[in-house]
Amino acid sequence: VPTTDALFVLFGAMGDLAKRKLIPGLYHLYLAGLMPKDFRIIGTSPTEIKMETQLFQTHVHESLANFGRKEIEEESFSIFSKKISYIPADTTDFSKLQEAIHANKAALSEGAKTILYLAIPPPAFIPVIDALGASGIAKEAQLVIEKPFGSDLATAKELNSAIHRSFDEESVYRIDHFLGKEAVQNILALRFANGIFEPSWNHDSIDYVQIDIPETLTIEGRGAFYEKTGAFRDMVVTHLFQVLGFLAMDPPERLDGISLNKAKTSLFKAMRPITKDDVIYGQYAGYLDQPGVAPNSCVETFVACRIWIDNDRWAGVPFYLRTGKAMATGRWLLTLGFKVPDLNRFHTSGLSNEHSSPNELVIDMADPGSIEINFMTKKPGPSLTLASASLNFNFLDNFNVAYELEAYERLIHDVMIGDRALFNEAEGIETLWEASAPLISDPPRPLAYEQGSYGPPEALETLISPYRWYLH
Ligand code: BG6
């Protein structure tokens, strides 16, 4: 439980993310007894959104009713909602907001944290950050900032220098909610607490790696946003690369923010610059008819790519990454394919090995997830015949509880206790944009794919050959 009181200032309080994730997240933390002894929440948006505290409290109630994963307990909600207020604020004048912050902090104990959460559209990042600096609000506050962190190297650098004009790096929490998923943290446990895995976590034993995050949802009314972003910027350069970081980094010295970011950044530095030769873009049939989408749009709703990491650990091992909207299924799967031993001795001994399949470690990152190991075994019977077999570990069956905190909740809690292990630093993000620069400046044309499929056939065949996607 956080030991210091906290004031949350939620920028973009009327937006989608606040409604779906942040407001329910704060309430769930409250129900779970994980909020500080006392806290306040100020919602803020630009002045053109007409709103008052009472209306905002109703909005909060609606958000919980529509998107909360727990029933609203009316009694506790009435206490929770008394801690919430709303202040409209335009970047040209943050004085009223500043007064509200002072007034709210006066009600909290000495040393209470001020947490400024920017859940706002990317073009508003720099103006809001500059206004926070100019008004003095930034002083001694923590800044939480949502992706996308820029749209290329130059804009990421601009954003980072704007942040550093007003905040010390230690007060900045660049949030990527995938890092709050139980399964991503479990990669640390799996790799660094087990003698079975870590010694073979390299090119001697591993043949290929897949990070596969297909989604069934379409762009669903987010056409205007998506047209500026596309799947590579929305998902790959952010979530998939961060998962890749945890999966492939060298062992960090410690499991704290500084060491983890250092290990991830040196991995990202070893990434070979990504060009269109290793990438397939797709666009689902029907995308062009969505509101806000240009009739001749070349924006990708699907990406499959092959990433090479030119370091000692991973030389020659392809990392296949795939994600897309309107696909056949919604999963978060990591697959490590192990090199197969020479099966010739089965062959020369006249024994059947025709059903041999790859050894795989498959991590299902759903909450609560599972881990599967696929291997070869002897089929019971008089002859030495091989058959594939599988070991399964399921978190729910083993621990008898579902996840306790949803990704955003876990990360908001980390901000309150000042734990930066799961947040990203400027250098790592800039390194990823640098590696992506050739692709961004010369992207492939998206190929068509049917809704409900696994993407364009080229991604299922040419790119992944001689392997196959675990999901196909
Ligand atoms: C968001 C992307 O960051 O992550 C969305 O903007 C995507 O496009 C979402 O759907 C996926 O998150 P999750 O946790 O639902 O897999």
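Bear in mind the structure is a predicted one, so any value in this text is a computation, not a measurement.

Moving on, we get to the UniProt feature "binding site: substrate" (unreviewed entry) in the protein chain. Here, the residues flagged by UniProt with the feature "binding site: substrate" (unreviewed entry) are His 177, Lys 181, Glu 215, Asp 234 and Lys 325. Among the structural elements, Glu 215 can be located in the loop between strand E7 (206–214) and helix H8 (223–248). Residue classification places Glu 215 among the buried residues on the basis of a relative accessible area of 19%. Those residues in contact with Glu 215, other than ones at most four positions away along the chain, are Met 235, Gly 324, Lys 325, Ala 326, Met 327, Thr 329 and Gly 330. Residue classification places Lys 325 among the buried residues on the basis of a relative accessible area of 3%. Lys 325 has contacts with Glu 215, Leu 217, Thr 218, Ile 219, Arg 222, Tyr 226, Asp 234, Met 235, Tyr 284, Thr 301 and Tyr 449, leaving out every residue within four places of it along the chain.

Two side chains carrying opposite charge are able to pair once their charged atoms lie near each other. Within the structure shown, the criterion is met by 26 salt bridges. Residues Glu 169 and Arg 420 are paired through a salt bridge, measuring 4.0 Å at the closest nitrogen-oxygen approach. Taken together, the residues span a long stretch of sequence, with Glu 169 in the loop between helix H6 (153–166) and strand E6 (172–175) and Arg 420 in the loop between helix H12 (407–417) and helix H13 (426–441) at a distance of 251 residues. The class of Arg 420 is buried, set by a relative accessible area of 16%. In this structure, a network of salt bridges that share partners links the residues Lys 147, Glu 215, Arg 222, Asp 234 and Lys 325.

Attention now goes to the packing of helix H1 (residues 16–31) against helix H2 (residues 53–67). Where H1 meets H2, the closest approach of the two axes is 9 Å, and the angle between their N-to-C directions is 95°. The orientation of H1 with respect to H2, classified from their angle, is roughly perpendicular. On H2, the residues that touch Lys 19, Arg 20, Ile 23, Pro 24 and Tyr 27 of H1 are Phe 56, His 59, Val 60, Ser 63, Leu 64 and Phe 67. Among the residues forming the contact of H1 with H2, the class breakdown is 7 nonpolar, 2 polar and 2 charged.

A separate point is the pairing of strand E9 (residues 302–307). Burial runs high along E9: 6 of the 6 residues are buried. Of the two faces of E9, the one carrying Phe 302, Ala 304 and Arg 306 and the one carrying Val 303, Cys 305 and Ile 307 are both buried. Pairing geometry for strand E8 (residues 279–284) and E9, over 4 bridges, is antiparallel. Bridge pairing in E9 links Tyr 281 to Val 303. Alignment of E9 against strand E10 (residues 319–324), held across 6 bridges, turns out to be antiparallel. Bridged to Val 303 within E10 is Thr 323.

It is worth spelling out the UniProt feature "active site" (unreviewed entry) in the protein chain at this point. The sites that carry the UniProt feature "active site" (unreviewed entry) are, in the present numbering, His 239. Tracing the backbone shows His 239 in helix H8. Ignoring sequence-local partners within four residues, the contact set of His 239 consists of Lys 147, Asp 176, His 177, Phe 178 and Asp 234.

Around the ligand, the neighbouring residues are Lys 147, His 177, Phe 178, Lys 181, Glu 215, Arg 222, Asp 234, Met 235, His 239, Lys 325 and Trp 332. Between the ligand and the protein, one listed contact pairs an oxygen atom with a side-chain N or O atom of Lys 147 at 2.7 Å. Within the side chain of Lys 181, an N or O atom sits 2.8 Å from an oxygen atom of the ligand. Coverage of the ligand by the protein amounts to 78% of the 400 Å² it exposes when considered alone. Among the residues forming the shell around the ligand, the class breakdown is 3 nonpolar, 2 polar and 6 charged.

This brings us to the nonpolar core. Grouped together as the largest cluster of nonpolar side chains are 147 residues, with contacts concentrated most on Leu 132 and Phe 241. Here this core gets 13 residues from one element, more than from any other, and that element is H8. When neighbours within four sequence positions are excluded, Phe 241 is seen to be in contact with Phe 232, Val 236, Phe 268, Met 271, Ile 274, Ile 307, Leu 321, Leu 432 and Ser 436.

With that settled, consider H12. Judged by how many residues are buried, H12 sits mostly within the fold: 9 of 11 residues are covered. The secondary structure elements touched by the buried residues of H12 are strand E1 (6–11), H1, strand E4 (113–118), strand E5 (142–146) and E6. Within two residues after H12, Gly 418 carries a phi angle of roughly 75°, on the positive side.

Right, let's talk about the packing of helix H5 (residues 125–135) against H6 for a bit. Viewed as axis vectors pointing N to C, H5 and H6 meet at an angle of 15°, and their least axial separation amounts to 8 Å. With respect to H6, the axis of H5 lies roughly parallel. As for how H5 packs across H6, the hand of that crossing is left-handed. Residues Phe 125, Ile 126, Ile 129, Asp 130 and Gly 133 of H5 touch H6, and the partners they reach there are Glu 158, Leu 159, Ala 162, Ile 163, Arg 165 and Ser 166. A per-class count over the contact of H5 with H6 returns 6 nonpolar, 2 polar and 3 charged.

The description of an aromatic ring pair uses the distance of the two centres, along with the angle that the planes make with each other. Across all of its chains, the model carries 24 aromatic pairs by this definition. Residues Tyr 27 and Phe 77 carry aromatic rings whose centres are separated by 6.1 Å and whose planes lie at 75° to one another, so their mutual orientation is edge-to-face. Here Phe 77 lies in helix H3 (residues 74–81) and Tyr 27 lies in helix H1, a separation of 50 residues in the sequence. The pair Tyr 27 / Phe 77 is uniform in exposure class, with both members buried.

The rules behind the values
- Residues numbered from 1 in each chain as written.
- Predicted model: local features only at pLDDT ≥ 70, side-chain atom pairs only at ≥ 80, totals over all residues.
- Heavy atoms only, no water.
- UniProt positions renumbered as here; feature names shortened; annotations may be inferred.
- Helix = DSSP H or I, 4+ residues; strand = E, 2+ residues; numbered from the N terminus.
- Buried < 20%, exposed > 50% of the residue type's maximum accessible area, 1.4 Å probe, protein only.
- Contact = heavy atoms within 4.5 Å.
- Salt bridge = Lys/Arg side-chain N within 4 Å of Asp/Glu carboxyl O.
- Axes fitted to C-alpha atoms, helices over the stretch in contact; angles between N-to-C directions.
- Parallel < 35°, antiparallel > 145°, perpendicular 65-115°, else oblique.
- Nonpolar A, V, L, I, M, F, W, Y, C, P; charged D, E, K, R; others polar.
- Pairing = 2+ DSSP bridges.
- Near = heavy atom within 4 Å.
- Polar contact = N/O pair within 3.5 Å; in protein donor to acceptor, adjacent residues only side chain to side chain.
- Areas by Shrake-Rupley, 256 points an atom, 1.4 Å probe, with all protein chains shown as cover.
- Core = buried A, V, L, I, M, F, W, Y, C linked by side-chain atoms within 4.5 Å.
- Left-handed = near helix turned anticlockwise from the far one by under 90°.
- Phe/Tyr/Trp six-rings, centres within 6.5 Å; stacked < 30°, edge-to-face > 60°.

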